[in-house]
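Each chain is listed here by its residues.
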Amino acid sequence: MAAQIWGSEKRARRRREISAKIAQMPELHDSKPLPFMTREEKIMESARKLTILTEKMGQIIDPTDPAELYHLNNEVLGLEGNPMALHGVMFIPALSAQASDEQQAKWLPRALRREIIGTYAQTELGHGTNLQNLETTATYDLATQEFVLHTPQITALKWWPGNLGKSSNYAVVVAHMIIKAKNYGPHPFMVQLRDEKTHEPLPGITIGDIGPKMAYNIVDNGFLGFNKYRIPRTNLLMRHTKVEADGTYIKPPHAKINYSAMVHVRAYMLTGQAIMLASALNIATRYSSVRRQGQIDKSQPEVKVLEYQTQQHRLFPSIARAYAFQFAGAETVKLYEHVLKEMKSGNVSLMADLHALTSGLKSVVTYQTGEGIEQARMACGGHGYSMASYISEIYGVAIGGCTYEGENMVMLLQLARYLVKSAALVKSGQSSKLGPLVAYLGVKSEPTSLIDRIPNSGFTEYVKTFQHVSKRQTLKAADMFFGLMEKGEKREIAWNKCSVELNRASRLHTRLFIVEAFVRRVNEIADIRIKEALTDLLHLHVNYELLDIASYALEDGFLSASQLDYIRDQVYLYLGKIRPNAVSLLDSWEFSDIELRSVLGRRDGNVYENLFKWAKSSPLNKTDVLSSVTQYLKPMMEKARL
Ligand SMILES: CC/C=C\C/C=C\C/C=C\C/C=C\C/C=C\C/C=C\CC/C=C/C(=O)SCCNC(=O)CCNC(=O)[C@H](O)C(C)(C)COP(=O)(O)OP(=O)(O)OC[C@H]1O[C@@H](n2cnc3c(N)ncnc32)[C@H](O)[C@@H]1OP(=O)(O)O
Ligand SMILES: Cc1cc2nc3c(=O)[nH]c(=O)nc-3n(C[C@H](O)[C@H](O)[C@H](O)COP(=O)(O)OP(=O)(O)OC[C@H]3O[C@@H](n4cnc5c(N)ncnc54)[C@H](O)[C@@H]3O)c2cc1C
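Residues numbered from 1 in each chain as written. Chains lettered and ligands numbered in written order. Predicted model: local features only at pLDDT ≥ 70, side-chain atom pairs only at ≥ 80, totals over all residues. Heavy atoms only, no water.

## What to know about the pattern of salt bridges
What the rule picks out here adds up to 42 salt bridges. The residue Asp 30 makes a salt bridge to Arg 597 at a minimum N-O spacing of 2.9 Å. Of the two residues, Asp 30 is situated in the loop between helix 2 (9-23) and helix 3 (39-60) and Arg 597 in the loop between helix 20 (593-596) and helix 21 (607-616); the sequence distance between them amounts to 567 residues. Note on Arg 597: relative accessible area 14%, which makes it buried. Note that Arg 321 and Glu 545 form a salt bridge whose closest N and O atoms lie 2.7 Å from each other. Here Arg 321 is found in helix 8 (residues 309-344), whereas its partner Glu 545 is found in helix 16 (residues 528-548), with 224 residues between them in sequence. Judged on exposure class, the residue Arg 321 and its partner Glu 545 are both buried. Overlapping salt bridges, with partners in common, bring together Arg 321, Glu 371, Arg 511, Glu 545 and Asp 548 in one network. (Salt bridge = Lys/Arg side-chain N within 4 Å of Asp/Glu carboxyl O. Helix = DSSP H or I, 4+ residues; strand = E, 2+ residues; numbered from the N terminus. Buried < 20%, exposed > 50% of the residue type's maximum accessible area, 1.4 Å probe, protein only.)

Spelled out as structure tokens, the structure:
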């Protein structure tokens, strides 16, 4: 199963080898539990481990393999980030995709050797979503052949970029490029922020940390202002766009090609989310098979809480989602790598499809991951609320994904633009022009669903039902939009009035893609036992998901009330079938105790003893009487007693 999850036997084996090596290197372990550290201590601890990794990485992993890097990162540095998180996640990808060969030769080897630390500085205090209204300017000075970066007012301060505040000395900065008074829109520039020797901010730069956040507190998200700060013309990233010395602008082959670093993260973050969901579920499911509370049969001893159907219903559909996200994420990464290769050689024809797909997936996966992790926390009762479970930290980190790389509603609306264009093709009789991901929009469906009507139909009737509801909602939302425009509404006003319906269409389309990716994967599996276990999980997935969106299929009679009862029964049936495999389905992800950082989710199940040990190690327990007591509470009580 680990081979299915991680992509191959080799990958699964390598993960095990890497975890085993890390287990033997105490210098790479947390020196104490992260929840007991202050933010400064955590940052220090992370930087300490990062420098050891820089020295020893080659002994542990193949540093050119992103999956091995990611695993090493999760084990050693953990989810809460590190001082170079953005360096790998966005700075290097931005340079790789957007810098010319010459620029790459100059900067990439230095970045890869970690001679310099970089980040991606785009969002500002006043604008994150609406890139067209960013306010930082890069004005070309023809006389000196330099761009002058400037922050015209407080809302133009860069705000949020990870590791910008304290760690990075370089950044890819996105600014509006102005040449001879003409604004060419947001463009990426390579900018040195700090002196390479002293690490002091360079003159003309104001920089700092934006303060503590809901989670991710090892990352120094920062602010950045420029006061007429000059950089050479050749620091504009010029793989796709060029500016000649005389100010001539050569436009890129696609207007949004400079957005590729964002698409990179949107594509890769899906498996990251799956990992966080599976981690939280692993903790909750292991604990649920240790925790005994109450009886189902009063004549029997107390049961493991995992025996309760409500507990299974809380956890198991999310187990199915974690697998589904992992499989859909793996497909998306493959597609992204393919499109990136094509883009680099000038073929930009697949960019719109990839953008639409990653926008929808990013939104649905992060939202459902958040839901699943929060349910996992609640499933652990009181101990889930303790930082000893570590689930609240996983939640805080995962939920950030709903906002970064494009706020979820906004990204769903991006996919909706694509769906509406596709609906227009269907309506104008040009269904043959639909791309493969939306081809179903042009296919006539049966009048009613055949779920429970055709024996042994596998998952086909389920997929058809998802296709039917997605198609119907897309065409309905598009009709609403076109109808308003026909009545004379301006395009943008009509769009806003339909946006809730449009986003519903985007979610349904994305959920269909996730179901199909799960079905595709299960169909590929040769090993009978693995196929059986994943088929059970897929049964639970399709029935649970369909029940969740049933109103869309009920309202036009595509599903009947009796079919809905059948679907509900299937959910209960598969909860029971999955129960014996539940812990194994999560143990198969092979997270080590080091990586999980959870007292509740320990592999050995020795929860109570270790919770007590953990509590005793709290800094508050170093002394029996705290100074808050001697200084305030004790005098207060004494005064009251007089
Ligand atoms: C197992 C794993 C193995 C390996 C892992 C290895 C490496 C790890 C790598 C990755 C990470 C993994 C995990 C992540 C973990 C942690 C993350 C840590 C930190 C997070 C860092 C966060 C960074 C950021 O947040 S950076 C800032 C991000 N900002 C945004 O996303 C802004 C959102 N806004 C926009 O994108 C745009 O403004 C917009 C909303 C899209 C609108 O843009 P614009 O106004 O310019 O355009 P229009 O609306 O007018 O649309 C015009 C037209 O263009 C189309 N369009 C838009 N974007 C694109 C695109 N990117 N590609 C193609 N086309 C695009 C749009 O759809 C319109 O088309 P139509 O007119 O035809 O409809
Ligand atoms: C943990 C974290 C890490 C980050 N790291 C980085 C980084 O490294 N580099 C970087 O540059 N940025 C980073 N960001 C910033 C992030 O990319 C933005 O916060 C994000 O893109 C959302 O933009 P915003 O903050 O402007 O939200 P807003 O756009 O102000 O969103 C507020 C509300 O308005 C709604 N809204 C906005 N526009 C529309 C619209 N057109 N239609 C409908 N509704 C709309 C949204 O849906 C939302 O409900 C990070 C953010 C976080 C939380």
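Moving on, there is more to tell.
## As for helix 4 (residues 66-77)
Its twelve residues give helix 4 an end-to-end C-alpha distance of 15 Å, which sits within 8% of 16 Å, the value for a rise of 1.5 Å per residue. Of the residues making up helix 4, those classed as buried are Glu 68, His 71, Leu 72, Asn 74, Glu 75, Val 76 and Leu 77. Residues of helix 4 that are buried make contact with helix 2, helix 3, helix 7 (260-288) and helix 20. The opening residue of helix 4 is Asp 65, an N-cap whose side-chain oxygen sits 2.9 Å from the backbone nitrogen of Ala 67. Just past helix 4, the residue Gly 78 takes up positive phi, approximately 85 degrees. (Expected span 1.5 Å × (residues − 1). Contact = heavy atoms within 4.5 Å. Polar contact = N/O pair within 3.5 Å; in protein donor to acceptor, adjacent residues only side chain to side chain.)

## Quick notes on the nonpolar core
Ranked by internal contacts, the top residues of the largest apolar core, which has 103 residues, are Phe 316, Tyr 323, Phe 518, Leu 534, Leu 537 and Trp 589. Ranked by residues supplied to this core, first place goes to helix 7 with eleven residues. When we break this core down by domain, the ones giving at least three residues each are domain 1 (2-82) and domain 3 (259-425 + 467-585). For Tyr 323, the residues in contact, after removing those within four places along its chain, are Met 1, Ile 5, Phe 518, Leu 534, Leu 537, Leu 585, Ser 588 and Trp 589. Core analysis: the second largest hydrophobic core is formed by 25 residues, Leu 149, Val 173, Ala 175 and Phe 226 among them. (Core = buried A, V, L, I, M, F, W, Y, C linked by side-chain atoms within 4.5 Å. Domains from an automatic or database assignment.)

## Regarding the UniProt feature "binding site: FAD" (unreviewed entry) in the chain
Those places that UniProt annotates as "binding site: FAD" (unreviewed entry) correspond, in this numbering, to Thr 123 and Gly 162. Taken along the chain, the residues just named run across 40 residues; in space they keep tight, none of their C-alpha pairs more than 10.5 Å apart. Examined against the element boundaries, Thr 123 turns out to sit in the loop between strand 1 (118-121) and strand 2 (137-141). With relative accessibility at 24%, the residue Thr 123 sits in the partly exposed group. (UniProt positions renumbered as here; feature names shortened; annotations may be inferred.)

## Side note on the domain arrangement of the chain
Split by domain assignment, the chain resolves into domain 1 (2-82), domain 2 (116-252) and domain 3 (259-425 + 467-585). Centre-to-centre, using C-alpha coordinates, domain 2 lies 35 Å away from domain 3. Contact residues are listed per partner, giving ten residues for domain 2 and 13 residues for domain 3. Summed over both partners, the interface of domain 2 with domain 3 buries about 890 Å², with 70% contributed by carbon and sulfur atoms. At the boundary of domain 2 and domain 3, one finds zero salt bridges. The interface formed by domain 2 and domain 3 includes one residue pair in polar contact (both at pLDDT 80 or more). Taken together, the residues that form the side of domain 2 that touches domain 3 break down as five nonpolar, four polar and one charged. (Buried area = accessible area lost by both parts, 1.4 Å probe. Nonpolar A, V, L, I, M, F, W, Y, C, P; charged D, E, K, R; others polar.)

## Quick word on the UniProt feature "domain: Acyl-coenzyme A oxidase N-terminal" (unreviewed entry) in the chain
Here the UniProt feature "domain: Acyl-coenzyme A oxidase N-terminal" (unreviewed entry) sits at residues 1-117. The distance separating the terminal C-alpha atoms of residues 1-117 is 38 Å; by composition the span is 68% helix and 0% strand.

## A closer look at the packing of aromatic side chains
Counted by the stated rule, this structure contains 15 aromatic pairs. Relative to Phe 189, the ring of Phe 147 has its centre 4.9 Å away and its plane inclined at 65 degrees; by these criteria the two rings are edge-to-face. Remark: Phe 189 occurs in strand 6 (residues 182-192) and Phe 147 occurs in strand 3 (residues 146-150); sequence separation between them is 42 residues. Taken individually, Phe 147 and Phe 189 each receive the classification buried, so the pair is uniform in this respect. Arranged with centres 5.5 Å apart and planes meeting at 75 degrees, the rings of Tyr 323 and Trp 589 form a pair that is edge-to-face. Taken together, the positions of Tyr 323 in helix 8 and Trp 589 in the loop between helix 19 (582-587) and helix 20 put the pair 266 residues apart, joining distant regions of the chain. (Phe/Tyr/Trp six-rings, centres within 6.5 Å; stacked < 30°, edge-to-face > 60°.)

## Quick look at the pairing of strand 3
Pairing analysis gives five bridges linking strand 2 to strand 3, with the strands arranged antiparallel. Counterpart to Tyr 140 in the pairing with strand 3 is Phe 147. Hairpin connection between strand 2 and strand 3: a loop of four residues separates the two successive antiparallel strands, and Gln 145 in this loop has a positive phi of roughly 55 degrees. Where strand 3 and strand 9 (residues 229-232) come together, four bridges link them in antiparallel fashion. (Pairing = 2+ DSSP bridges.)

## Quick word on the site of ligand 2
Not every one of the 20 residues close to ligand 2 is listed here, only the nearest: Tyr 120, Thr 123, Gly 128, Thr 129 and Glu 407. In the model, a nitrogen atom of ligand 2 is placed 2.7 Å from a nitrogen or oxygen of the Thr 123 side chain. Thr 129 places a side-chain nitrogen or oxygen 2.5 Å from an oxygen atom of ligand 2. Protein contact buries 62% of the 970 Å² of open area that ligand 2 shows by itself. Sort the elements by how many residues they give to the shell around ligand 2 and helix 12 (residues 408-427) lands first, with three residues. Of the residues that constitute the shell around ligand 2, the class distribution is nine nonpolar, nine polar and two charged. Two domains share the shell around ligand 2, each providing at least three of its residues, namely domain 2 (116-252) and domain 3 (259-425 + 467-585). (Near = heavy atom within 4 Å. Areas by Shrake-Rupley, 256 points an atom, 1.4 Å probe, with all protein chains shown as cover.)

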